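Structural characterization, general
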Amino acid sequence: MTPPTVHPTGRRPQQTVPDVRAIALAYRVVIRQLTSVGRIVALSLLALVSTVAGFALGTADADLDAAVRLISGLGFAVIIPVVALVFGGAAIGDLREDKTLVYLWLRPVNRWPLVVGAYLAALTLSAPITLIPVVAAAILTGADGGIVPATLLAGVVALVAYNAIFTMLGVWLRRFIVWGLAYILIWEGFIALGGAGVARFAIRKYTRSILVDRTGVDLDLADFSLTIGIVVPVLAAIVALALGSWRLARQDVD
Amino acid sequence: MTDFPPPPTSAPPAAATLPPPVIGAAAPPASFAPPTGPPPLAGPAPALPDLTGMIAVNGVSKFFGSVVAVSEVRFAIDGGVTALLGPNGAGKSTLFRMMCGLTPTSRGTVRVLGADPRLDRDVRGRIALVPQQDALFDHLDAYSMVLIAAQTHGLDDAGAIARWALEQVDLTDVGDKPVGKFSKGMRQRVKVACALVNDPDVLILDEPLTGLDPVQRRRMIALFHRLGDAGRCVLVSSHVLDEVARLGSRVLVIAQGRLIATGDYRDLRALMDDRPLRIRLAVSDPRRMAAALIERNLVTAVSVAADRLTLDTLDADALGRTVAPLAIELGVHLTEVSPLDDDLESVFRYLVEGR
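Residues numbered from 1 in each chain as written. Chains lettered and ligands numbered in written order. Predicted model: local features only at pLDDT ≥ 70, side-chain atom pairs only at ≥ 80, totals over all residues.

Turning to the overall build of chain B, a few remarks are in order. When helices and strands are counted, chain B shows 11 helices and 16 strands. Looking at chain B residue by residue over its 355 residues, the buried ones come to 46%. (Helix = DSSP H or I, 4+ residues; strand = E, 2+ residues; numbered from the N terminus. Buried ≥ 20, exposed ≤ 12 C-beta atoms within 10 Å, placed from the backbone.)

What follows is about the domain arrangement of chain B. According to the domain assignment, chain B contains domain 1 (22–32 + 50–272) and domain 2 (275–353). Spacing between the C-alpha centres of domain 1 of chain B and domain 2 of chain B amounts to 38 Å. (Domains from an automatic or database assignment.)

Attention now moves to the interface of chain B and chain A. Counting from both sides, the interface comprises 34 residues of chain B and, opposite them, 29 residues of chain A. Of all the secondary-structure elements, those providing two or more residues to the side of chain B that touches chain A are α2 (121–124), β8 (127–130), α3 (142–151), α4 (158–168) and α6 (214–229) of chain B. Examining the composition of the side of chain B that touches chain A, we find that five residues originate from one element, α4(B), more than from any other. For the side of chain B that touches chain A, the residue count by class is 17 nonpolar, 10 polar and seven charged. (Contact = placed C-beta atoms within 7 Å. Nonpolar A, V, L, I, M, F, W, Y, C, P; charged D, E, K, R; others polar.)

Below, the discussion takes up the nonpolar core. Of all hydrophobic cores here, the largest spans 165 residues; its most connected members are B:Met145 and B:Val146. No other element matches helix α3 (residues 64–97) of chain A, which puts 17 residues into this core. Ignoring sequence-local partners within four residues, the contact set of B:Met145 consists of B:Leu136, B:Phe137, B:Leu140, B:Val179, B:Val190 and B:Cys194. In terms of nonpolar packing, the next biggest core, distinct from the first, is built from 16 residues, B:Val299, B:Val302, B:Leu311 and B:Ala327 among them. (Core = buried A, V, L, I, M, F, W, Y, C linked by C-beta atoms within 7 Å.)

Turning our attention to the environment of B:Val130. Residue and element names in this part refer to chain B. The topology assignment puts Val 130 in strand β8. When the C-alpha atoms of Val 130 and Cys 194 are compared, they prove to be 8.0 Å apart, with 64 residues separating the residues in sequence. Among all residues touching Val 130, those that are not within four sequence positions of it are Lys 191, Val 192, Ala 195, Leu 205, Asp 206 and Pro 208.

Now for the pairing of strand β15 (residues 308–313) of chain B. Residue and element names in this part refer to chain B. Residues Leu 309, Leu 311 and Thr 313 point to one face of β15 and are all buried, whereas Arg 308, Thr 310 and Asp 312, pointing to the other face, are not buried. Pairing analysis gives six bridges linking strand β13 (residues 277–283) to β15, with the strands arranged antiparallel. Within the sheet, the bridge partner assigned to Arg 280 lies in β15 and is Thr 310. (Pairing = 2+ DSSP bridges.)

With that settled, consider the environment of B:Val244. Residue and element names in this part refer to chain B. Turning to its location among the elements, Val 244 is positioned in helix α7 (residues 241–247). On the basis of neighbour counts, which here come to 24 C-beta atoms within 10 Å, the residue Val 244 falls in the buried class. In this structure Val 244 touches Ala 83, Leu 85, Ser 238, Val 251 and Tyr 265, once residues within four positions along its chain are discounted.

A word on unusual backbone geometry. Residue and element names in this part refer to chain B. Phi at Glu 72 is positive, roughly 50°, even though this residue is not glycine. On the neighbour-count criterion, Glu 72 (18 C-beta atoms within 10 Å) is partly exposed. Although it is not a glycine, Gln 256 adopts a positive phi angle of roughly 50°. Looking at where Gln 256 falls in the secondary structure, it is placed in the loop between β11 (250–255) and β12 (258–264). Owing to 18 C-beta atoms within 10 Å, Gln 256 belongs among the partly exposed residues under this scheme.

Bringing the pairing of β11(B) into the picture now. Residue and element names in this part refer to chain B. For β11, the tally of buried residues reaches six of six residues, placing the bulk of the element in the interior. Residues Arg 250, Leu 252 and Ile 254 line one face of β11 and the alternating positions Val 251, Val 253 and Ala 255 line the opposite face, and both faces are buried. Bridge analysis of strand β6 (residues 80–85) against β11 gives four bridges, and the strand direction is parallel. Note on β11: the bridge partner recorded for Thr 82 is Arg 250. The pairing of β11 with β12 spans six bridges and is classified as antiparallel. Among the inter-strand pairings, Val 253 is bridged to a residue of β12, identified as Ala 261. If you look at the hairpin formed by β11 and β12, you'll find two residues sitting between the two strands, and Gln 256 has a positive phi there, around 50°.

Written as structure tokens, this is what we have:
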């Protein structure tokens, strides 16, 4: 028997989705898209490298200076940005690549809640995978002097900023992984170390500043106050999400 | 190989003036407008009044770099089922993407329910698209997939609506198997269910029958007709000629990015039936068979190669009725009768190029 074609509501559906509900929906869709066992295991293993390094440093009775350099050089220069790149870039980028973005795009929703929901999903996944091993590394170094809370605070700031920047990158660019790695390895890891002026445009400078402010260790290119170290990356995240939303509204969708 | 000199072939249908192609309750007869070379890249086009309708496409072109995907397309559609017919690569999907606002036009305007679908958030809640690409959230089961479609339309009773939509496409008993493990046909049905959730005024379906078995095709076509009868504007694309015959009598024909015919399918079919058809016969004595067919004035051209005959005919039905009895009469073995150019591309070639 042919089912009735009459819509069960018997009326027109409401015409737009409230922004908060759209954020929640995008979050749910994206977090399930991003959650693959292979990706999580691979990134967890990468993050565990910092824990092992912290343990090794701890067994060698290294001082606070060495511990902070390890956390800054491995945790904040490689692990957090790379994990954020994989999740943040894929948050919208994967939907676009596998052509499922249309199921969120062709809807009566504003664009910014889609980007914010995708960003929060990336943040949700990247935070435990990076923060737990990196903070554990700080603990295992055995160094005193506030390295653990400093690592936690700088880690949260780094995750907030990197995930937003890479979510934006996933909206703008098809090869977001290549461009993201270029940013992490070439810009932040090489060019930004060349001078204070250039370093202002690197998130790493701000996370290093937080570490320096909270531990008192002397690191190069880390001369911002704690307030600036927190506020600027958060502002950068907001700008990145705004640019991502702007672009999402104007891009071609397959 | 022996080639008999072909008699003069019939001329292609003469270009008719394209009437304002508004397709709806009172559709005009089919018209034919062959393309006249590449679209002008500069200079103002002659001003035509904007067409209106549930979907109104006015002078729309789409360029990808130097590639012209859609060129100066102009039509309007109201409620009911309309088929968009065209060979692969004709520009159907690009046109659909512009109608849904997924990509901007390079020139011209698209209005759906009077609004620009790319800019108007509200109108996107009244459109549904079944995309051509085989993309779904593969980890979800069918119910969850359709549920998300309902929720992203802001529907309150999304669960009941998702179940109803799955019922429309006969997918109520698929359990919690992820759609990634569905067959192509089942995935198509999930896509259609997703498109039904918001009770759309405008339903755009890009090759929705691909992968469906004959029973499901029939049911799906019946569903489209029910929606069309209920006043929805249902636009279905296909590159399969016979499929279009069952989809509806109203067609838009697109080839090489241009709208080449609009109107009633039966008129278009008649236009197509007038073209010479090429048919191949495999017979034991092809020369004798060829001579007999020419004598009966059933063919316009014949070529013979080994045991094969290639025939051009203007009356395929008469030839079909004659060829088997003739083979018996001549005492030759007939082992194959097959059309060589019954595909859509050859139809378009005839419509566009007259060959």
